[in-house]
Amino acid sequence: MTTSTSQMKVRLVATRFEAEDVLSFVLAPVEPAALPPFEPGSHVEVHLTDKLTRSYSLSNGNVDAGSYRLTVQKDPKSRGGSTYMHDTLRTGTILQIGAPRNNFELNESAGLSVFIAGGIGITPFLPMMVRLNSLGKKWRVHYCVRTRSRAAFVDEIKALAEVGQGEVVLNFDQEPGGTMLDLNRLVAELPQDAHVYCCGPSGMLGAYKTATAGLQTERVHYEAFANEVSVAAEGGFVVELKKTGREVQVKSGQTILKALLDIGVNVEYSCEEGVCGACETKVISGIPDHRDAILSSSEKAANKTMMICCSGCKSDRLVLDL
């Protein structure tokens, strides 16, 4: 795994039970210097082992000032990250993390911010609630969880609503009398000055994108748990590294990231499926085949950057700012 100067050493100072299969991990700086401030919606890459790095949203709400709080659900389909966090990490462990990155920015000018959270998708919204409270702005959260036992932070969210202009709507669809959230109705009833945000599993995101298709693009925001689009590994093109003039042939079965790592090029990466943004790279020329879940349609059409972990190339040659 590659490293960068933006990495920091932190100590796990507390582990907390939040809900069934959900734990929070509170990280404090090892060095005397404070941890960098972060914007709501940010995440950090956590280097768990030499070959295992994962990205987690910063979930700081009204507690843990001066620390980073990561809240992780143990996933039965885990590729290793959540299982390692739950089963291996212990208080006192020293970890290496990257500086905060933000692919899920809060629009602070909205008259109303509406958050739609599916399960552990609640995590990026807590810092947003705190920020909106500080600005005196209105917000509403629709928190969708199968059962109450799996709902983290309910009391904390209600407390944030009470001290600000927030509203909390809980949906427990597998409990008696529970129903699925009606996304079409929710979107249809949004005020014109509202921005809407969604973070949750792929099924929820798919329904959300359909329901919000008629809204102005700038009012619609979402963050994915995973990328439903397969990575580009068809190969058959050349990548030129502009800063060094070095060239690499991307072969069939390789991603651009894999081809660069194979020749010893140092690049930042984490999720390897286009959801964290760690490998975002400027494009000098060529036509990328975008496969990520981060860039908007207009950003993909502009072809100014790409995620080299999952995206490929539609032209014979791609020149990158590396």
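Here we summarise the structure given alongside this text. (Residues numbered from 1 in each chain as written. Predicted model: local features only at pLDDT ≥ 70, side-chain atom pairs only at ≥ 80, totals over all residues. Heavy atoms only, no water.)

### Structural notes on the pairing of strand β15 (residues 280-285)
Then step 1. Two strands pair when backbone bridges link them, and β15 and strand β17 (residues 305-307) are joined in this way by three bridges, in the antiparallel orientation. Looking across to β17, one finds that Thr 281 is bridged to Met 306.
Then step 2. Pairing of β15 with strand β19 (residues 317-320), which is carried by two bridges, proceeds in the antiparallel orientation. When the bridges of β19 are listed, Ser 285 appears paired with Val 319. (Pairing = 2+ DSSP bridges. Helix = DSSP H or I, 4+ residues; strand = E, 2+ residues; numbered from the N terminus.)

### As for unusual backbone geometry
Then step 1. In this structure, Phe 153 is a non-glycine residue whose phi angle is positive, near 70°.
Then step 2. Structurally, Phe 153 can be placed in the loop between β9 (138-145) and α3 (154-163).
Then step 3. A relative accessible area of 6% places Phe 153 in the buried class.
Then step 4. Its identity as a non-glycine residue notwithstanding, Asn 303 has a phi of 55°, on the positive side.
Then step 5. Structurally, the position occupied by Asn 303 is in the loop between α7 (297-302) and β17. (Buried < 20%, exposed > 50% of the residue type's maximum accessible area, 1.4 Å probe, protein only.)

### Some details on the sheet that holds strand β12 (residues 220-224)
Then step 1. Taken together, the five strands give an open sheet; going across it, the order is β10-β9-β8-β11-β12, and neighbouring strands pair in parallel fashion. The outermost strands of the open sheet, each flanked by one partner alone, are β10 (165-172) and β12. In this sheet, neighbouring strand axes are inclined to one another by 15° on average, regardless of whether the strands run parallel or antiparallel.
Then step 2. Strand direction decides the pairing type here: strand β11 (residues 194-200) and β12, joined by five bridges, are parallel. (Axes fitted to C-alpha atoms, helices over the stretch in contact; angles between N-to-C directions.)

### Thoughts on the pairing of β12
Then step 1. Within β12, four of the five residues are buried, which leaves it mostly tucked inside the rest of the structure.
Then step 2. Each parallel crossover has a hand, and for β11 linked through helix α5 (residues 202-211) to β12 it is right-handed. (Right-handed = clockwise from strand over helix to strand, strands pointing away.)

### Thoughts on the state of the cysteines
Then step 1. Scanning the entire structure with this criterion turns up zero disulfides.
Then step 2. No disulfide involves Cys 144; its sulfur sits 8.2 Å from that of Cys 198, the nearest cysteine.
Then step 3. Relative accessible area serves as the criterion here: at 13%, Cys 144 is assigned to the buried category.
Then step 4. Of the cysteine sulfurs around Cys 309, a residue in no disulfide, the closest is that of Cys 279, at 3.6 Å.
Then step 5. You can call Cys 309 buried: its relative accessible area is 3%. (Disulfide = S-S within 2.5 Å.)

### A few points about the side chain of Asp 292
Then step 1. Within the secondary structure layout, Asp 292 lies in the loop between β16 (288-289) and α7.
Then step 2. Look at Asp 292: it is buried, it has no salt bridge, and the nearest opposite charge is Lys 300 at 4.4 Å.
Then step 3. A distance of 2.7 Å separates a polar atom in the side chain of Asp 292 from the backbone nitrogen of Leu 295.
Then step 4. Excluding residues that lie within four positions of it along the chain, Asp 292 makes contacts with Asn 227, Gly 274, Lys 300, Met 307, Cys 310 and Ser 311. (Lys, Arg positive; Asp, Glu negative; His and termini not counted. Salt bridge = Lys/Arg side-chain N within 4 Å of Asp/Glu carboxyl O. Polar contact = N/O pair within 3.5 Å; in protein donor to acceptor, adjacent residues only side chain to side chain. Contact = heavy atoms within 4.5 Å.)

### Quick notes on the packing of aromatic side chains
Then step 1. Under the criterion given, the structure shown has five aromatic pairs.
Then step 2. Their ring planes at 85° and their centres at 5.8 Å tell us that Phe 38 and Tyr 68 sit as a pair that is edge-to-face. With Phe 38 in the loop between β2 (22-29) and β3 (42-49) and Tyr 68 in strand β5 (residues 68-73), the pair connects residues that are 30 residues apart, well separated along the chain. Across the pair, exposure class does not vary: Phe 38 and Tyr 68 are buried alike.
Then step 3. The rings of Phe 104, Phe 115, Phe 125 and Tyr 197 are connected pair by pair, giving a single aromatic cluster. (Phe/Tyr/Trp six-rings, centres within 6.5 Å; stacked < 30°, edge-to-face > 60°.)

### Remarks on the nonpolar core
Then step 1. Counting residues in hydrophobic clusters, the biggest one holds 27 residues, and the most contacted among them are Phe 115, Ile 122, Phe 125, Met 129, Trp 139, Tyr 143 and Ile 157.
Then step 2. For this core, the secondary structure elements donating two or more residues are β8 (112-118), α2 (125-135), β9, α3 and β11.
Then step 3. In terms of residues, this core owes the most to one element, α2, which gives five residues.
Then step 4. Once residues within four sequence positions are removed from consideration, Phe 115 is found in contact with Leu 106, Phe 125, Met 128, Met 129, Leu 132, Trp 139, Arg 140, Val 141, His 142 and Tyr 197. (Core = buried A, V, L, I, M, F, W, Y, C linked by side-chain atoms within 4.5 Å.)

### Observations concerning the environment of Ile 122
Then step 1. Among the structural elements, Ile 122 can be located in the loop between β8 and α2.
Then step 2. For Ile 122, a relative accessible area of 0% puts it in the buried group.
Then step 3. Taking C-alpha positions, Ile 122 is 22 Å from Ala 28, a pair spaced 94 residues apart along the chain.
Then step 4. Setting aside anything within four residues of it in sequence, one finds Ile 122 in contact with Ala 117, Met 129, Val 141, Tyr 143, Phe 153 and Ile 157.

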